[in-house]
Amino acid sequence: MAGADVDVGTELRLGLPGGGAEAAKAAKRGYEDTIDLKLTLPTGGVQKDSGKPEPAAEKAAADPEKPPAPKAQAVGWPPVRSYRRNAMTVQSVKIKKEEEAEKEQPAATAGGNGSAFVKVSMDGAPYLRKVDLKMYNTYKDLSIALQKMFSTFSATGNEGKMVEAVNGSDVVTTYEDKDGDWMLVGDVPWEMFVASCKRLRIMKSSEAIGLAPRAKDKYKNKS
Amino acid sequence: MSEEDEDQAAPPKRPRASPSPPPDQVLDNVLETVLQFLAAPRDRGAASLVCRSWHRAESATRVTVAVRNILAASPARAARRFPNAHHILLKGRPRFADFNLLPPGWAGSAFRPWAAAFASAAFPALRSLSLKRITVTDADLDLLARSLPASFRELSLLLCDGFSSRGLASIASHCRGLRVLDVVDCEMNEEEDDEVSDWVAAFPGGHTHLESLSFECFTPQVPFAALEALVARSPRLHRLGVNQHVSLGQLRRLMALTPRLTHLGTGSFRPGDGVEDQGLDFGQILTAFTSAGRPNTLVSLSGFRDLAPEYLPAIAVVSANLTSLDLSYAPVTPDQILPFIGQCCSLETLWVLDSVRDEGLEAVAMYCKKLQVLRVLPLDALEDAEELVSEVGLTAISEGCRGLRSILYFCQRMTNAAVITMSQNCPELKVFRLCIMGRHQPDHVTGEPMDEGFGAIVRNCSKLTRLSTSGRLTDRAFEYIGKYGKSLRTLSVAFAGDSDLALQHILQGCSKLEKLEIRDCPFGDAGLLSGMHHFYHMRFVWMSGCNLTLQGCKEVARQLPRMVVELINSQPENQRPDGVDILYMYRSLEGPREDVPPFVKIL
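Bear in mind the structure is a predicted one, so any value in this text is a computation, not a measurement.

With that settled, the discussion passes to the overall build of chain A. Of the regular secondary structure elements, chain A holds 7 helices and 5 strands. Looking at the 223 residues of chain A, the share that counts as buried comes to 35%. Look at the contacts in chain A between residues 6 or more apart in sequence, and 60% of them connect residues 24 or more apart. Summed over its atoms, the accessible surface of chain A is roughly 12,600 Å², and 54% of this surface lies on carbon and sulfur atoms.

This paragraph deals with helix H8 (residues 165-174) of chain B. Residues and elements named next belong to chain B. Burial analysis of H8 places 7 of its 10 residues in the buried class, the great majority of the element. Within the sequence span of H8, burial applies to Ser165, Gly167, Leu168, Ala169, Ser170, Ile171 and Ala172. Residues of H8 that are buried in the fold lie against helix H7 (138-147), strand E4 (154-158) and strand E5 (180-184).

Residues and elements named next belong to chain A. Strands sit in the order E2-E1-E5-E3-E4 across an open sheet of 5 strands; the sheet is mixed. Both edges of this open sheet fall to strand E2 (129-132) and strand E4 (182-184), since each of them pairs with a single strand only. Strand-to-strand twist across the sheet, computed as the mean angle between neighbouring axes with direction ignored, equals 35 degrees. As paired strands, strand E1 (residues 117-122) and strand E5 (residues 199-204) are joined by 4 bridges and run parallel to one another. The residue of E5 that forms the bridge with valine 120 is leucine 200. Sitting on the sheet, helix H4 (residues 139-149) touches E1, E2, strand E3 (171-176) and E5, and the angle it makes with E2 is about 155 degrees.

To continue, consider the pattern of salt bridges. In this structure the tally under the stated criterion is 27 salt bridges over all chains. Ionic pairing is found between Arg357(B) and Glu386(B), a salt bridge with its closest N-O pair at 3.5 Å. Of this pair, Arg357(B) sits in helix H15 (residues 357-367) while Glu386(B) sits in the loop between strand E12 (373-377) and helix H16 (391-400), and the two are 29 residues apart along the sequence. On the accessibility criterion, Arg357(B) (32% relative accessible area) is partly exposed. We classify Glu386(B) as exposed; its relative accessible area is 55%. Notably, a salt bridge pairs Arg593(B) with Asp595(B), separated by 3.8 Å at the nearest N-O pair. Each of Arg81(A), Asp98(B), Arg133(B) and Asp185(B) takes part in one network of salt bridges that share partners.

Below, the discussion takes up the UniProt feature "domain: Transport inhibitor response" (unreviewed entry) in chain B. Mapped onto the present numbering, the UniProt feature "domain: Transport inhibitor response" (unreviewed entry) falls on residues 84-131 of chain B. End-to-end, the C-alpha atoms of residues 84-131 of chain B are 19 Å apart, and along that stretch the chain is 17% helix and 19% strand.

This part takes up the packing of helix H9 (residues 224-232) of chain B against helix H10 (residues 248-256) of chain B. Residue and element names in this part refer to chain B. Between H9 and H10, the least distance of the axes is 9 Å, while the angle of their chain directions is 20 degrees. By the criterion of interaxial angle, the relationship of H9 to H10 is roughly parallel. Every pair of crossing elements has a handedness; the one defined by H9 and H10 is right-handed. Between H9, through Phe224, Leu227, Glu228 and Val231, and H10, the contact on the second element is made entirely by Gln250, Arg253 and Leu254. Residue composition of the contact of H9 with H10, grouped by class: 4 nonpolar, 1 polar and 2 charged.

Attention now moves to the packing of H16(B) against helix H17 (residues 416-425) of chain B. Angle between the axes and distance between the axes: these two values describe a pair of packed helices. Residues and elements named next belong to chain B. Where H16 contacts H17, the two axes come as close as 9 Å, and the packing angle between them is 10 degrees. The angle between H16 and H17 falls in the class roughly parallel. Contact residues: H16 offers Glu391, Leu394, Thr395, Ile397, Ser398 and Glu399, while H17 offers Ala418, Val419, Thr421, Met422 and Asn425. Considering only residue class, the contact of H16 with H17 consists of 5 nonpolar, 4 polar and 2 charged.

This paragraph deals with unusual backbone geometry. Trp77(A) connects to Pro78(A) through a cis peptide bond whose omega is -5 degrees. Positive phi, normally seen in glycine, also occurs at Arg133(B), with a value near 55 degrees. Note on placement: Arg133(B) falls in the loop between strand E3 (128-132) and H7. The buried category is assigned to Arg133(B), whose relative accessible area is 10%. Backbone geometry at Asp185(B) places phi at a positive 55 degrees, although glycine is not the residue there. Of note, Asp185(B) is situated in the loop between E5 and strand E6 (212-214).

For the rest of this paragraph, the subject is the environment of Ala308(B). With respect to the helices, strands and loops of the structure, Ala308(B) is situated in the loop between strand E9 (300-302) and helix H13 (316-319). Linking Ala308(B) and Leu248(B), residues 60 residues apart in sequence, is a C-alpha distance of 9.3 Å.

In this section: empty space enclosed by the protein. Residues and elements named next belong to chain B. Scanning the model with the defined rule gives 2 cavities of 30 Å³ or more in all. Looking at the second largest cavity, its volume works out to about 40 Å³. Lining the second largest cavity we find Asp354, Asp380, Ala385, Glu386, Glu387, Leu388, Val389, Phe410, Cys411, Gln412 and Met437. When grouped by side-chain class, the residues that make up the lining of the second largest cavity number 6 nonpolar, 1 polar and 4 charged.

All right, on to the nonpolar core then. Phe111(B), Phe118(B), Trp199(B), Phe289(B), Phe432(B) and Phe535(B) are the most contacted members of the largest nonpolar core, which has 182 residues in total. Beyond its immediate sequence surroundings of up to four residues, Phe111(B) is in contact with Ile70(B), Leu90(B), Phe118(B), Leu129(B), Leu131(B), Ile134(B), Thr135(B), Val136(B), Asp140(B) and Leu144(B). Of all hydrophobic cores here, the second largest spans 25 residues; its members include Met122(A), Val188(A), Phe193(A) and Leu200(A).

All names here are of chain B. Along the chain, the position of leucine 227 falls in helix H9. Given a relative accessible area of 0%, leucine 227 falls into the buried group. For the pair leucine 227 and valine 246, spaced 19 residues apart in the sequence, the C-alpha separation amounts to 9.8 Å. Not counting chain neighbours up to four residues away, the residues in contact with leucine 227 comprise Val200, Phe215, Val222, Val242, Val246 and Leu254.

Here is what the cut-offs are and how they apply
- Residues numbered from 1 in each chain as written.
- Chains lettered and ligands numbered in written order.
- Predicted model: local features only at pLDDT ≥ 70, side-chain atom pairs only at ≥ 80, totals over all residues.
- Heavy atoms only, no water.
- Helix = DSSP H or I, 4+ residues; strand = E, 2+ residues; numbered from the N terminus.
- Buried < 20%, exposed > 50% of the residue type's maximum accessible area, 1.4 Å probe, protein only.
- Contact = heavy atoms within 4.5 Å.
- Areas by Shrake-Rupley, 256 points an atom, 1.4 Å probe, with all protein chains shown as cover.
- Pairing = 2+ DSSP bridges.
- Axes fitted to C-alpha atoms, helices over the stretch in contact; angles between N-to-C directions.
- Salt bridge = Lys/Arg side-chain N within 4 Å of Asp/Glu carboxyl O.
- UniProt positions renumbered as here; feature names shortened; annotations may be inferred.
- Parallel < 35°, antiparallel > 145°, perpendicular 65-115°, else oblique.
- Left-handed = near helix turned anticlockwise from the far one by under 90°.
- Nonpolar A, V, L, I, M, F, W, Y, C, P; charged D, E, K, R; others polar.
- 1 Å grid on protein atoms, 1.4 Å probe; cavity = no way out; pocket = protein on both sides within 12 Å on 5 of 7 lines; lining within 4 Å.
- Points joined across faces, edges and corners; volume = space filled by probe spheres on them.
- Core = buried A, V, L, I, M, F, W, Y, C linked by side-chain atoms within 4.5 Å.

The following block contains the structure:
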């Protein structure tokens, strides 16, 4: 696993100070409990629903490597219900993606320019497959495709179980990103994932403990 | 008036020995018969205040009972007074709870006593129940389902929470004769995929009486086979609103089964991967909208939760007859709205996103001459988002849609001139809600506060009952509001005003004010106390993020014992010892409630 050989002392970390215990888990920083492939895209801006009007400026101060924070947002302002706000964030990301695709190649197909074939391996399967990530628009589409692709294999000799297992709790879908780290699929917006994914691996959830944590913060810092 | 005189004079002057009913009873019967024709709630309220016998007759004949604050009256009291209630409306949380200003669990069990009352047949004639902003649990729904009278027909849940598919399954399976099940904008409890109840399949077999079924906010997927089967055996169904998992191909199948459709919530409006979408093309969707005489019967469209824009022009064939169109979940661009908006000559209600831009609004203004209600909602609800609509769109609307009655307009910046123009062009305005998303934004052309714009609105729109302000406003704006806003019943103020004087203007000027919502304004105790004479006439006052102190609120509680004064703490760790985070006070016949969560203090 990537990260196992890294000397903890020299590791570049971008988390809040005082997270020493977490480094021992062969992870760059602590990770959330929910390893759930239910995908909610992050809400736009720095809006939090926790009810605390903590200005974004404070967060930027705690983490000097981040780019300057956007203007501080107030809780519940503008007065748009959170259900609608979340639904619109998903739409808005899609619109921007479509607009960019149009600008680059007006005659482009829905998949955008080029293709993004990546290898997909599944534990116990005799051979690997390849998928073109640009053929899909959402994580759900991808997981359905993976399910179809691997439904013929049965790692434990129990075919019925494996078919459900791709989408269920027995397996975890992970990917290797540009830096060579194995990340949990589903954390980042779809576009970010397609841009950074190099290969996919479907592993048993028993092996998934100690997986690299949320990619969100990492990508925020890069951009 | 003459009846009142007779009532007072009657008993001693009529010593009759005939077997006809006593004169009082005759009078009551006449009153009851006459009062049945009185429908408007305010008229009913007024009638009940005339004298005791009017009060009795009105209470006996009131069929629509609206408890607009569930904490203001107990079910026992309501049942005693209005035993003949057919339709009951209950409203719970204050509106600012929608924007995460109220911590969850504020009044989680407010509905429980009502559920128990319904279950024990306190309202034996109950036919329909509408709940708004109320926490309802699956247990509550189950109790209702099993014990409501056979006459029960309609359940409507708007902006409610606390329940899941299990509660819906209870309703579906036990409420025989259910005609309306509308679940709108509710935040239902999250469930694991394998825990979701197939409530659609829970409806009993054979023909149902369903006339309206709406579940657009239901997040999990509903098994399509069950949904199709239900629709197929509901011959009276004319209002159907499906959720975003229903694909265009599936919608087409459902439409084929519902020839009498008047209101349609279209789900995703995008082809899916399933069997129903194989080979789907535009022609088929067009046929779906032209068949069964739909251009003459369909009046309302909504949904479009994941719009595939190439299919949108299909609705042009029904546009001429549409009175209501909700595109507020579809980021429609000007190019996409133009193909059909030209035919929407009957449109009265339109909800869109600001993605239609000023151009789209200009088109609306040109063609939708009968428009009464417009909502322009933000695609990106952020203060510094890209500006998509502006004063240009607002002005165009005001010039084209002279009969406008209600507008909700989100924008990044605005000018006084445009607002003044609207006040002059649209005298029928009853609801004016302008949300300039940047806090404290002045008129971006003149740099002045938005005082004159809002002043013109209250001055020129004499029918105005609801106003929401935004942008940079000084005390002068509120001077105008107090002076001219004599019909105002609901006022929402955010990030505005300079001093207590503003609040004083409001409370002393707006004599009909019933609902006041204020957030993050520099108003203190002096302003609050200036409204003492009026608070009993109000349904509620909400003030959050202002400069109130404990003493001020205590003084109000002391002088007005029938007001329930709640101090709500949304940030326990930031609390100043003397400061008040949220003040929410409301009149109540029941006194302070008992189930008070730890972050609430009732004075």
